[in-house]
Each structure stands twice: as structure tokens, then as C-alpha cells.
Amino acid sequence: MIKVAIIGTQGVPANYGGFETLAENLIGENCSSDIQYTVFCSSKDLDSERKVFKNAELRYVWLHANGIQSIPFDIISMLKTLGHGFDVILILGVSGCIFLPVFRFLFPGKIIVNIDGLEHKRAKWGKFARRFLKFSEKMAVKHADVIIADNKAIQDYVFENYKKKTEMIAYGGDQVQRYVTDTETTRILKKYGMKEKEYAISICRIEPENNCHMILDAFAHTYSSLLFIGNWDLNEYGRSLKKKYASFRNIYMADSVYDLDTLFVLRNKAAYYIHGHSAGGTNPSLVEAMHFSLPILAYGCLYNRETTEGKALYFTDEKELTALILQKPFNSELGKEMKKIADKEYTWEKIAKKYESLY
């Protein structure tokens, strides 16, 4: 039996982001019988009464797992693994990796770090935070036994900057498939005011690097319908966009949705998917959208081109996106090609096996 601790997420069940979804699927039905997982969770974000979930034991830290508290959250999680017989520590993200030089001395087993999407380059961070995250990234690469990159562009970045090879493992997306009755499908579409295959959909955290302003501006110059799902009230950027575009009748800005049936229907019945992320590596929401056989209109950064193998439609500003929107209907083969890539590269069974091979 191999004992693995997962550190760096809000915890499970997943209700926040890509790393949480990764953790939940590693410990789920794809988990090998000879792997025993423990997931360190935030008691500030999740119900600390739950001690077991799927095939994992849950342990709690009394801090939030995101923002500035992610640093002590990760460090405390590392310390809580000591003396409990763990063979492998899987760290998701670099926030707490400033502690790795010390932890490397204390922990006798294998340390694996998924460095995420070059966090220090994200627009939401100030100068000090970026320098700190860059240094944490450096410590992760230097002191971990294995570095995981979720995208070839990040793999190339690590080798070019640190001369160190990485393991390339992306994300699965096939967990999004559900069975929803026709009656329930009709109810959900009616609730959101959408008609089947007559709207575009975009789902993301409302942050500048996800180019939410670019997407909204493009649709404001068309009559095409957009359902944009995100946490609009979390920051000033989101609140200002919500206020600016609230009067456009073809744009519906919905709050974050975590109900899986609702998300399935809204994505499954959309005409195409808009992906504005400009930072990060292989983005989970993009991979998930590909499993719906949807034509993808993606921001044309290297990460998104790698994920879609250069076969989606790409834009770099609102004018290019507006032009793409106006050219619909899109070739149906676009969606089929996205699904083909997703089935080949982005299923949780394959991803879980890749992680387990590293342990």
C-alpha cells in the first residue's frame, strides 16, 4: 500500500477549481486499490465533520486554502504529514513551496509538485506577490523529486528557465457527462432564458487574465446570445463589468453554478464555447467543454493552442472575437474534432494512471 497525501487544494468534495476537481478524480473510481490517499482540506471552506470521501481520508487545516492564506495553509499541511507514514506528498500549486528546502530535509519520502499555470504571471497579483510566487516556483523546481507540468508550453518554460525535465500530465474532463431528463433540461433552459443551440456559453472566474471584458465587449457588438457564468460579485473588476453590461438583452451574466446537472444542460445545449483564459496551462474548463463536442472559440495564447492541438478557432482581441461570432454557424466538424482530442488526451482514467505511475 502506497500512502499519498494531497496538499494545496481547498479540499473535497470539489466546489472551487481545477485542482479540487483533480483531487476528487484521483481519489474516485479511477483510484488503484494499492493507493491510500489523504486529502488536506480547509475547515474554513468545507464541512470539517466529513472524515472520509470516496477513497480518501480527509484532514483539516483551520485556514482558507486560497489567497494569502494559501501559503500558511500549505506549510501547515506539510507539517501535519510528518510522522504519519506517508510515502508520497503531492503538492498542487507552488504557494507554500517556499518551505520546501526545510520540508525536503524533514520528509524522507517522494515529493511531487504540480506547478500549475505559472502563477507569478497572472495579472491579479501585485509586484511583491509575483516575486514571491516566482521564488516559490524556483524552490519547487529545485527541491521536488518530480515536477508536473499540465501543458507542453509550461514544460518548455521549466526546461528553458531551470534546465529541468518535467512530467507532462493534463486534466480529465469526462466527469462532466450526465444523464438529465428532457423535462429537467427544459426547466433549466427556461430558468436561464436560453434556447437550445441558440447561445454561446463561457464559464470562468471573473478575473482580468480571463479576458471577461473582451468577451463581453465582443458580444455587445452583436445580437448573438451569451450565457456567461462566473463569480461576478467577488471583486471590483467583476462588479464593474456586471454593471456595464447588465442592460444588454443578448448577454446573461449568471452567478457561479456548482450543480452538475445544471452545468451539464447549459453546456450540452449551447451552440459553442468561448474560452478567454490567457494565463495558466491546460485549463480544466476548456478540457471539459471539449467533451461536449462544442466548437471552441479560444484566446489565442500558446497554452490554449496546445490544449486544442491548434484545431479550435482563436482570437486575440474583441474585434477578432466579434468577427468569429458573426461568422456562425460554425462547421460541425469543429466540435467533433474537439471531442476526438478530449477522448484521446483528457480522460480521468488516463490522468489517474499517469499520476500513480509517478508514486
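Above this text is the structure in question.
In this text, all values refer to a predicted model and were calculated from it rather than measured experimentally.

Tracing the backbone through its elements, the reader meets serine 224 in the loop between α7 (212-220) and β10 (225-229). In this view, serine 224 contacts Phe219, Asn250, Tyr272, Ile325 and Lys328; residues no more than four positions away in its chain are not counted.

Moving on to the environment of histidine 143. Tracing the backbone shows histidine 143 in helix α4 (residues 127-143). With 82 residues separating them in the primary sequence, histidine 143 and serine 225 have C-alpha atoms 49 Å apart. The contact partners of histidine 143, leaving out residues within four places of it in the chain, are Leu100, Pro101 and Arg104.

Another point: the nonpolar core. Within the largest apolar cluster, 65 residues are counted, with the highest numbers of intra-cluster contacts made by Val113 and Leu297. Looking at this core, the element that brings in the most residues is α7, giving seven residues. In contact with leucine 297, not counting residues within four places along its chain, are Tyr272, Tyr273, Ile274, His275, Leu313, Phe315, Leu321, Leu324, Ile325 and Phe330.

The strand order across the open sheet built from six strands is β11-β10-β9-β12-β13-β14, with neighbouring strands paired in parallel fashion. A single partner strand is all that each edge strand has here, and the edge strands are β11 (251-254) and β14 (313-315). Recorded for the sheet is a direction-independent mean angle of 20 degrees between the axes of neighbouring strands. Summarising the sheet, strand β13 (residues 296-299) and β14 pair through three bridges and their orientation is parallel. By the bridge assignment, alanine 298 is partnered in β14 with tyrosine 314. Relative to β10, α7 is tilted by about 160 degrees, and along the sheet it contacts β9 (199-203), β10, β11, β12 (272-275), β13 and β14.

Our next topic: a nonpolar patch on the surface. A surface patch of nonpolar side chains, about 410 Å² in accessible area, is lined by Leu79, Val102, Phe105 and Leu106. Of the residues forming the nonpolar patch, the biggest block, three residues, is contributed by helix α3 (residues 100-106). The exposure class assigned to leucine 79 is partly exposed, which follows from its relative accessible area of 39%.

We now examine the pairing of strand β4 (residues 56-61). Of all six residues in β4, five are buried; the element is thus mostly enclosed. Examined bridge by bridge, strand β2 (residues 35-42) and β4 share six bridges and lie parallel to one another. In the sheet register, tyrosine 37 faces β4, and the bridge partner there is alanine 56. Sheet topology places strand β3 (residues 52-53) next to β4; two bridges connect them, and they run antiparallel. Bridge assignment links phenylalanine 53 to a residue of β4, and that residue is alanine 56.

Reading the values: rules and limits
Residues numbered from 1 in each chain as written. Predicted model: local features only at pLDDT ≥ 70, side-chain atom pairs only at ≥ 80, totals over all residues. Heavy atoms only, no water. Helix = DSSP H or I, 4+ residues; strand = E, 2+ residues; numbered from the N terminus. Contact = heavy atoms within 4.5 Å. Core = buried A, V, L, I, M, F, W, Y, C linked by side-chain atoms within 4.5 Å. Buried < 20%, exposed > 50% of the residue type's maximum accessible area, 1.4 Å probe, protein only. Pairing = 2+ DSSP bridges. Axes fitted to C-alpha atoms, helices over the stretch in contact; angles between N-to-C directions. Patch = residues over 30% accessible without salt bridge, like charges linked within 9 Å, V, L, I, M, F, W, Y side chains within 5 Å. Areas by Shrake-Rupley, 256 points an atom, 1.4 Å probe, with all protein chains shown as cover. Salt bridge = Lys/Arg side-chain N within 4 Å of Asp/Glu carboxyl O.

All we've got here are geometric facts, nothing functional implied.
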